[in-house]
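Architecture and fold: a report
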Amino acid sequence: MSISTKIVDDFVANGVDFITTVPCKQLAGVIDEVEARPEIYHIPSNKEDEGMGLCAGAFMGGKRPAIIMQNTAIGVTINTLATLTQYYRMPLPMLISYRGELREPVACQVEMAVHTKALLQQMLIPTYHFHKESDADEMDAILKYTFMCNKPVAILTDASFWGGYGDQ
Amino acid sequence: MIRSEILREIAPILRDQLVVCNIGLPSQELHMIDDQPTNFYMLGTMGLSSSIGLGLALAQDKTVISIDGDGSVLTNLGTLPTIANNVADNYILMIIDNGSYGSTGDQPTYAGKKTKLEAVAAACGCENVVTCKDVDTGKVLQAAIDSKKMTVIVVKCDSGNIKLPVITMDPVVIRDRFMKSVQA
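Residues numbered from 1 in each chain as written. Chains lettered and ligands numbered in written order. Predicted model: local features only at pLDDT ≥ 70, side-chain atom pairs only at ≥ 80, totals over all residues. Heavy atoms only, no water.

You'll find chain B entered in an unreviewed UniProt entry as Thiamine pyrophosphate enzyme TPP-binding domain-containing protein, with Roseobacter fucihabitans given as the organism.

Looking at an unreviewed UniProt entry, chain A carries the name Thiamine pyrophosphate enzyme N-terminal TPP-binding domain-containing protein, with the source organism given as Roseobacter fucihabitans.

Here it is, written out as structure tokens:
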């Protein structure tokens, strides 16, 4: 089973049925898998804060939402996380490609990477970091935790995590 | 008419619907005019009224009205293609277009200059875009609800604000009672 299939299986097993995405090379396989699942309403966003708005509405409508985005989006979404998702206490699993870590070929990506964990920590957002395939075994528990505590939760997935699957 | 006068006039129509109301004065005005558990007041996050409303409409069957402003839609212009391409026939985006950023002191928006949001929405693929004058808002809104077709309404009105207090209700209380109304 591919790691993308496993992750989306975990989403489905936890009732996640509304996922918004922005394009990402690393996450392309997961996005394709989300699109392929009839159990999930897949709604591409033009920007990640827009996606978080969609997720907030979907949650209030009875869905279990999630967002799939790049870590650069942390820079885009701080206000939305603080004044919408956290302020109204809503759950939001954030599956995040962690560009700018080991094996990164584009220097500019490093600039956001060095801020990513500090920003998440400053926002008091529970954060998990997947380096290797077996780290994804925690996905099920992370999703249960997110919907238990009604918080945004970050899952950082670096190139090493995806790298074993042919891309780099 | 100014926005608060329009809200006062359409309050009887809004009362029976799920309403997601834009940050700042629009939420304060709606809260003062006719507070209902079916109103979701945004206390922050400018620009996302349309996105929250669309997400809510896609998630369940009841009619959802997002009350937005021209400045707010300009903040999140990507929302219009997302709305156009994810058709929810229980969704109405009502843009109260007074050509200004009301909550911050009526600075002019580009919608008050050369930009026509109704043309932008149509170009983005929104199929039912209605432009109306302030005095016709109630009639047009009711027609949109009755049509059961996803509709974008651009209401042209005057800029201007009234003095009124902020909303002190706890955000989690707003959210909780709203969710109970959605489920009812």
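1. So, the sheet that holds strand β3 (residues 65–70) of chain A
Residue and element names in this part refer to chain A. Read across the open sheet, the six strands follow the order β2-β1-β3-β4-β6-β5; overall the sheet is parallel. Edge positions in the sheet fall to β2 (41–44) and β5 (127–130), since each of these pairs with one other strand and no more. Strand after strand, the sheet turns through a mean of 20° between neighbouring axes, direction not considered. The strands touched by helix α1 (residues 3–13) are β1 (18–21), β3 and β4 (92–98); relative to β4, the strand with the most contacts, the crossing angle is about 170°. Along the sheet face, helix α4 (residues 73–86) touches β3, β4 and β6 (152–158) and points at about 155° away from the line of β3. (Pairing = 2+ DSSP bridges. Helix = DSSP H or I, 4+ residues; strand = E, 2+ residues; numbered from the N terminus. Axes fitted to C-alpha atoms, helices over the stretch in contact; angles between N-to-C directions. Contact = heavy atoms within 4.5 Å.)

2. Regarding the interface of chain B and chain A
Facing 28 residues of chain B, the contacting portion of chain A comprises 26 residues. In total, about 2,100 Å² of surface goes out of reach between chain B and chain A, with carbon and sulfur atoms giving 65% of it. Remark: the boundary between chain B and chain A carries nine residue pairs in polar contact (both at pLDDT 80 or more). Among the elements of the structure, β2 (39–41), α3 (49–59), α5 (79–85) and α8 (171–183) of chain B are those that each provide at least two residues to the side of chain B that touches chain A. (Buried area = accessible area lost by both parts, 1.4 Å probe. Polar contact = N/O pair within 3.5 Å; in protein donor to acceptor, adjacent residues only side chain to side chain.)

3. Details of the UniProt feature "domain: Thiamine pyrophosphate enzyme N-terminal TPP-binding" (unreviewed entry) in chain A
Under the UniProt annotation, the feature "domain: Thiamine pyrophosphate enzyme N-terminal TPP-binding" (unreviewed entry) is placed at residues 3–96 of chain A. The span residues 3–96 of chain A is 50% helical and 20% strand by assignment, and the distance between its end C-alpha atoms comes to 14 Å. (UniProt positions renumbered as here; feature names shortened; annotations may be inferred.)

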